[in-house]
Amino acid sequence: MPLRLKVNDIAFFERPLVFARPFRFGAVTITASTQLFVRVEIEVEGKGRATGASAEMLAPKWFDKRLHLTEAQSLDGLRRSLAIARELYLANRSFETAFGLHALCIGPQVAACAAEDIPPLAAAFGPAEIDKAILDALLRVAGANFFDGMTGNIAEIDARLTPDIDDAAIAQFLSTRKRLDRVAVRHTVGMDDKVEGEGGVADAGENAGARYFKLKLNGDPAHDAARLARIGSELARLPYATKVTLDANEQYADLAALNALVHRLDHDAALKPIAANLLYIEQPMPRDITKASPLGGLAARSFIIDEADDCYDAFPQARALGYRGISSKSCKGIYKSIINATRAATWSADGRYFISGEDLTCQAGLGVQQDLALGALIGVTHAERNGHHYVDGFADTPADEADAFLTAHPDLYTRAGGKVRLAIHDGDLLTGSIAAAPGFASSIHPDWSTMQPLKRPTPSASQEQTA
């Protein structure tokens, strides 16, 4: 019988997060932010109660990049997304499957957020974080780890939101999953990161022995080409082969600018070290331009969407435009990642269509563990990991909590330089300990007593008028 649940409580907490170095991508530079923590209490029909948790960094000007918004206003949109989702999830008092509850809430969530001028990508953030915490609690009630629970479809994911595939395809995909023992780190090179010499892209002290690299672009073909040539020269010095991906974070204005970049990749000899090892180009144009612009001849290369992945129909729509891939990020929704991975597997037996693993600066602890587990379930063999690069270990997490995560997950963390840090083994992260105990990729929860309640968003003008 399906496990059905109802949510009795949802609480949000936060911790300040100071970066060890600036992270510049797209039009924003982050030097500090906030880490969100979600705690839920559920009751499972006939099984009892449990507490679940999730965590995610609040990233300014990523979910909503509109120029008129300040960074603080863009974060307020995420806080409102969480608050609206909380009301919807708690309002449902009947027992539902985990995915069934998500399916009941996601439409009203997007509509309620739209009424407050919050776009769909930001609207999905609230349910995404609550869903992760609910799943954690459900797995604990069932005594199942994430991988065993999901291969048995403990959440009862079905095709009600995605008529282009059927229930059988989802069940088949999940039932054949085998946990990846190792997931390679794809090292991010931000726009402000050093390229040459000590501390540069070829410095093992910086890249942690990564064999995969994600290179940020700024949208100017000439500038990007010159910088890529420098990076390519450095990567060519490494004693092992490397692969790269490019990410423009919506900075290429249109197809003409994108064509100019691809022409350079195809014909500039200085870019050969990059072009010969290029796996795909991620989200080059703004999401609205993307949806109105078939790639045409550019589709000969592999392009993926990331920020344009703002609804359950996004991947089929992008496929029709010539895109081959889509990103998995737990902050966009674990169920959407699983369904998109099902689509990629169903559409193509030869790997033409694929799902990639990207990072929203997932922090040590719940954030990185849950996102890592999701990728290791759906078959992401290498994933962007940048939280350990831009933030100093567990940052300002209390030492006792960091030590507890090290003890519980000794294959994933290590102590170095006086801090508990992510442990990278020959360029890979290991997944053994995140499958060792019931719950969503963690045998322990953070120390709630050391956090502050999540800051309330500043009311919008429309909210003040209706108050």
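Residues numbered from 1 in each chain as written. Predicted model: local features only at pLDDT ≥ 70, side-chain atom pairs only at ≥ 80, totals over all residues. Heavy atoms only, no water.

Visitor: Tell me what's going on with the pattern of salt bridges, and back it up with residues and numbers.
Guide: Per the counting criterion, the structure on display carries 40 salt bridges. With its nearest N and O atoms 2.8 Å apart, the salt bridge here joins Arg301 to Asp266. Here Arg301, found in the loop between α11 (287-291) and β8 (303-305), pairs with Asp266, found in helix α9 (residues 255-267); they are 35 residues apart in sequence, far enough to count as distant. Two residues, Arg385 and Asp371, come together in a salt bridge whose shortest N-O distance is 2.8 Å. Here the residue Arg385 occupies a position in the loop between β11 (382-384) and α15 (387-390), and Asp371 occupies one in helix α14 (residues 366-378), the gap between them amounting to 14 residues. (Salt bridge = Lys/Arg side-chain N within 4 Å of Asp/Glu carboxyl O. Helix = DSSP H or I, 4+ residues; strand = E, 2+ residues; numbered from the N terminus.)

Visitor: If you had to explain the pairing of strand β1 (residues 5-25) to someone new, which residues and values would you point to?
Guide: The pairing of β1 with strand β2 (residues 28-44) spans 16 bridges and is classified as antiparallel. When the sheet's bridge partners are listed, Phe25 is paired in β2 with Val28. One ladder, built from two bridges, connects β1 with strand β15 (residues 452-453); its direction is antiparallel. Bridged to Glu14 within β15 is Gln452. (Pairing = 2+ DSSP bridges.)

Visitor: Please give an account of unusual backbone geometry that cites residues and values.
Guide: One non-glycine residue with positive phi stands out, namely Thr361, at about 55 degrees. In this fold, Thr361 is placed in the loop between β10 (354-357) and α14. For Thr361, a relative accessible area of 3% translates into the label buried. (Buried < 20%, exposed > 50% of the residue type's maximum accessible area, 1.4 Å probe, protein only.)

Visitor: How would you explain the environment of Gly365 if you had to name every residue and give the values?
Guide: Within the secondary structure layout, Gly365 lies in the loop between β10 and α14. Separated by 40 residues in the primary sequence, Gly365 and Phe405 place their C-alpha atoms 6.7 Å from one another. Contact partners of Gly365, with chain neighbours within four places excluded, come to Phe394, Phe405 and Tyr413. (Contact = heavy atoms within 4.5 Å.)

Visitor: I'd like a description of helix α16 (residues 399-408), backed by residues and values.
Guide: Residues that lie three or four places apart on an α-helix share one face, since the helix turns once every 3.6 residues. Turning to α16, its buried residues are Glu401, Ala402, Phe405 and Leu406. Mapping the buried residues of α16 onto a view down its axis gives an arc of 140 degrees, with all of them on the same face. Exposed residues lying more than 90 degrees from the buried face of α16 are Ala399, Asp400 and Thr407. Residues of α16 that are buried make contact with β1, α14, β12 (413-416) and β13 (419-422). (Arc of directions from axis to C-beta.)

Visitor: Can you lay out the environment of Ala383 for me, pointing to particular residues and giving the numbers?
Guide: Note on placement: Ala383 falls in strand β11. Distance in space between the C-alpha atoms of Ala383 and Met191 is 19 Å, their sequence separation being 192 residues. Apart from the residues lying within four places of it in its own chain, the contact partners of Ala383 are Val183, Ala184, Val185, Arg186 and Gly357.

Visitor: Any chance you could break down the confidence of the model for the protein for me, citing the residues and the numbers?
Guide: Residue-level pLDDT values for the protein average 96, and 98% of them are 70 or greater. Of the regions scoring below 50 in pLDDT, residues 461-467 engages in four contacts with residues more than four places distant in sequence or in other chains. (pLDDT = per-residue confidence, 0-100.)

Visitor: So what's going on with the sheet that holds β2? Residues and values would help.
Guide: Reading across from one edge, β3-β2-β1-β15 is the order of the four strands in this open sheet, with antiparallel pairing throughout. Since the sheet does not close on itself, it has two edges, and those belong to β3 (48-58) and β15, each with one partner. Both β2 and β3 contribute to a ladder of 11 bridges, which runs antiparallel. Note on β3: the bridge partner recorded for Glu41 is Thr51.

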